[in-house]
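Chain residues, written in single-letter form:
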Amino acid sequence: MGEIRDFKIDRCTSMQVRVKKPLTVDEYAKQGMEMLKYYESGPWPSHVTELKKTKYPIEAYAAGLAAGKTMWAAGSAKIRYVYTGFIARRTRDGKISELHFRVWQPSGYLYSTEKLRKLMDFADKYGLGLLEIAGQQGLMIISIRPEVADEAVDYLRNVVGTDIGATGDTIRELAACVGPALCEFALYDTLEARDRFMTHPKIYEWMSNQLFPFKFKAKFSGCPFDCTRAVHRADFGFIGVWVGAPEVDQELLRKKIEAGEVDPARLAANCPSGAITWDPEKKELKIDGTRCKKSMHCIRAAYPAIKPGKERKIAVVVGGHVKGRFGGKMGKPLAVVNSVEEAMDWVVKTVESWTEYMEKGVVKHKDRIGDFIMKVGFKKYVTEILGLKEEKKPTLHPSLRAGAVLDDEERTMWANWASKLVEEYFGRRP
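Residues numbered from 1 in each chain as written. Predicted model: local features only at pLDDT ≥ 70, side-chain atom pairs only at ≥ 80, totals over all residues. Heavy atoms only, no water.

Engineer: How should I be thinking about the overall build of the chain in this particular structure?
Structural biologist: In terms of regular secondary structure, the chain is built from 15 helices and 16 strands. Burial status across the chain gives 43% buried among its 430 residues. Sequence-distant contacts in the chain: of pairs separated by 6 or more residues, those separated by 24 or more amount to 62%. Only carbon and sulfur atoms are counted for the fraction: they give 52% of the accessible area of the chain, which is about 23400 Å². (Helix = DSSP H or I, 4+ residues; strand = E, 2+ residues; numbered from the N terminus. Buried < 20%, exposed > 50% of the residue type's maximum accessible area, 1.4 Å probe, protein only. Contact = heavy atoms within 4.5 Å. Areas by Shrake-Rupley, 256 points an atom, 1.4 Å probe, with all protein chains shown as cover.)

Now the structure itself:
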């Protein structure tokens, strides 16, 4: 890490102030190793003991612990014919280097024992003997020794049967909920949908390169609970929905009410759209399918007496993200389809136009797809880029909340729509 100057400038007085001379990395490591003994001394299982069984540079961890900051800094590396999927880092003194491989995981993160053993053998042979199951990006992180990186990529592809990817301006995340594998609420097969999306010729081509203005994410949620947060975090999201009202088993619902498991009055009161009515005399619950917003509240409270409707569909939303040039955006509803394959042409057209508009100078580097749609206008995006018919009503997500960003065209669209409603119901314009 080297030594820092003995003086610093005080911001208030603009005078030089003597500071304590910092230690070197080796001196921090010596102190840190003493600290690590404490973490191995208790009766509980120690992460330090487990790390020492691997090839992880425990001295770097100890130095960071003593210094109160990480001893790792950004590094650089080059792998033959590989343009994405790895991140290099080194210790501040330059003595230790490693690569982080981002390894694609199977849909739903469901592994066979054989596949896991192959990954563990891979980590032992080429890496530090560690696997990191990362949460947010849905990828497995395996630390690799830089000198064997070329060979490691070939082994991963040919023996393990997977690949690295998802770093830089490329396809970052293709996340699917566990869907029908474990969840009773799944309205379509999210695992198969992700597999089909991932193996589409264009998607497969884009996964190996960095050609985009910024990162691209797609998420597959089996029901409106949206466990993958497709509405908020996906450039393209696919969410299971149904048409009309939920299915109600009146007899089973009465039994749950009599058992005190369900309060029908509260169920009706908590419906966000007021679609539920309860007849205490007939002991019958009705749901107006034209008003149902698919919040899933009644289903969660009374399942399996109340289930999703039998006519299952997939809602496609586009342009959602948390971080972007113009702030976070919720995905805009684009269409309701029967399968993900129906929407693949829209995905391809969107990505190709997004890249084309960067060449024209309209889209800047670090513009997400939501930023791109905001710049060209949602109406132009839908009618000219995708070639779809213009919607007759506002096509934003039905529940506007903090984080939703409207462009001028959308604000005008909503204002005109609201004015028309006032005129229809009250006979005058506001």
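Once you've had a look at it, read on.
Engineer: Got a minute to help me understand the pairing of strand 12 (residues 276–279) in this structure?
Structural biologist: Regular strands show a simple pattern: their side chains alternate between the two faces of the sheet. Pairing of strand 12 with strand 13 (residues 284–287), which is carried by four bridges, proceeds in the antiparallel orientation. Directly across from Thr 277, in strand 13, lies its bridge partner Lys 286. Hairpin geometry of strand 12 and strand 13 is characterised by an intervening segment of four residues between the two adjacent antiparallel strands and by a positive phi of about 50° at Lys 283. (Pairing = 2+ DSSP bridges.)

Engineer: Looking at this structure, I do not really get the sheet that holds strand 7 (residues 139–144). What am I missing?
Structural biologist: Backbone-to-backbone hydrogen bonds join strands into a sheet, with any given pair of strands oriented parallel or antiparallel. Spatially, the five strands line up as an open sheet ordered 3-4-5-7-6, and their pairing is antiparallel. Single-partner strands in this sheet number two, and they are strand 3 (72–74) and strand 6 (132–133). With two bridges joining them, strand 6 and strand 7 adopt antiparallel strand pairing. Following the sheet pairing, Ile 133 is matched in strand 7 by Met 140. Contacts from helix 5 (residues 149–160) reach strand 5 (97–104) and strand 7, with the element oriented near 15° to strand 5. (Axes fitted to C-alpha atoms, helices over the stretch in contact; angles between N-to-C directions.)

Engineer: When you look at the sheet that holds strand 9 (residues 216–221) in this model, what are you seeing that I'm missing?
Structural biologist: Strand order in the open sheet made by the five strands is 8-9-10-15-16, with mixed pairing throughout. Edge positions in the sheet fall to strand 8 (171–176) and strand 16 (332–337), since each has one partner strand and no second. Across this sheet, the average inter-strand angle for adjacent strands is 20°, counted without regard to direction. Relative to strand 16, strand 15 (residues 312–318) is paired through five bridges, and the arrangement is antiparallel. Counted as the bridge partner of Val 316 is Ala 335 from strand 16. With respect to the sheet, helix 12 (residues 344–359) is in contact with strand 9, strand 10 (236–242), strand 15 and strand 16, its orientation differing from that of strand 10 by roughly 155°.

Engineer: I keep staring at empty space enclosed by the protein and nothing clicks. Help me out?
Structural biologist: Gaps between atoms show up when a probe of the same size as a water molecule is rolled over them. On inspection of all chains with the given rule, the structure shows three cavities of 30 Å³ or more. Looking at the largest cavity, its volume works out to about 100 Å³. Lining the largest cavity are 16 residues, with Cys 271, Ile 276, Cys 292, Ser 295 and Cys 298 sitting closest to its centre. Among the elements that take part in the lining of the largest cavity, helix 11 (residues 297–302) stands out by supplying three residues, more than any other. The class makeup of the residues in the lining of the largest cavity is eleven nonpolar, three polar and two charged. (1 Å grid on protein atoms, 1.4 Å probe; cavity = no way out; pocket = protein on both sides within 12 Å on 5 of 7 lines; lining within 4 Å. Points joined across faces, edges and corners; volume = space filled by probe spheres on them. Nonpolar A, V, L, I, M, F, W, Y, C, P; charged D, E, K, R; others polar.)

Engineer: Would you take a moment to explain the pattern of salt bridges for this structure?
Structural biologist: Should the charged atoms of two oppositely charged side chains come close, the side chains can pair. All chains considered together, the criterion is met by 25 salt bridges. Across the pair Glu 114 and Lys 118 runs a salt bridge whose closest N-O atoms are separated by 3.7 Å. Of this pair, Glu 114 and Lys 118 both sit in helix 4 (residues 113–126), four residues apart, which is roughly one turn of that helix. Look at Lys 118 and you get partly exposed, because its relative accessible area is 28%. Ionic contacts of the salt-bridge type, sharing partners, join the residues Arg 80, Asp 150 and Asp 154 into one network. (Salt bridge = Lys/Arg side-chain N within 4 Å of Asp/Glu carboxyl O.)

Engineer: Before we go on, may I ask you to explain the packing of helix 12 against helix 13 (residues 369–376) in this structure?
Structural biologist: Relative orientation and spacing of two packed helices are given, respectively, by the angle between their axes and the distance between those axes. Closest axis-to-axis distance for the helix 12/helix 13 pair is 10 Å, and the angle between their directions is 70°. One finds that helix 12 runs roughly perpendicular with respect to helix 13. From helix 12, Thr 350, Val 351, Ser 353, Trp 354 and Tyr 357 reach across to helix 13, where they touch Ile 369, Phe 372 and Val 376. Among the residues forming the contact of helix 12 with helix 13, the class breakdown is six nonpolar, two polar and no charged. (Parallel < 35°, antiparallel > 145°, perpendicular 65-115°, else oblique.)

Engineer: Can you walk me through the side chain of Thr 91 in this structure?
Structural biologist: Of note, Thr 91 is situated in strand 4 (residues 86–91). A polar contact is formed between the side chain of Thr 91 and the side chain of Asp 93, at a distance of 2.7 Å. When near neighbours in sequence (up to four residues on either side) are disregarded, Thr 91 contacts Ala 60, Met 71, Trp 72 and Ile 96. (Polar contact = N/O pair within 3.5 Å; in protein donor to acceptor, adjacent residues only side chain to side chain.)

Engineer: Just to check I follow, could you spell out the nonpolar core for this structure?
Structural biologist: The nonpolar side chains of soluble globular proteins are, as a tendency, buried together. By size, the foremost hydrophobic cluster in this structure holds 44 residues, and its most contacted members are Phe 197, Phe 216, Phe 238 and Tyr 381. Excluding its chain neighbours within four sequence positions, the residues that come into contact with Phe 238 are Tyr 188, Phe 197, Lys 219, Phe 220, Ser 221, Ala 230, Ile 314, Ala 315, Val 316, Val 340, Ala 343 and Val 347. Val 103, Leu 119, Met 140 and Val 153 belong to the second largest nonpolar core, which has 22 residues in total. (Core = buried A, V, L, I, M, F, W, Y, C linked by side-chain atoms within 4.5 Å.)

Engineer: Any chance you could explain the layout of surface pockets here in plain terms?
Structural biologist: Volume-wise, the second largest pocket comes out at about 380 Å³. Considering the residues around the second largest pocket, the lining is formed by 23 residues, among which Trp 104, Thr 162, Asp 163, Met 198 and Met 207 are closest to the centre. Those elements that place two or more of their residues in the lining of the second largest pocket are strand 5, helix 4 and helix 6 (190–198). A breakdown of the residues in the lining of the second largest pocket according to their chemical character gives 13 nonpolar, six polar and four charged. Of the residues that make up the lining of the second largest pocket, three or more belong to each of domain 2 (73–159) and domain 3 (175–243 + 312–386). (Domains from an automatic or database assignment.)

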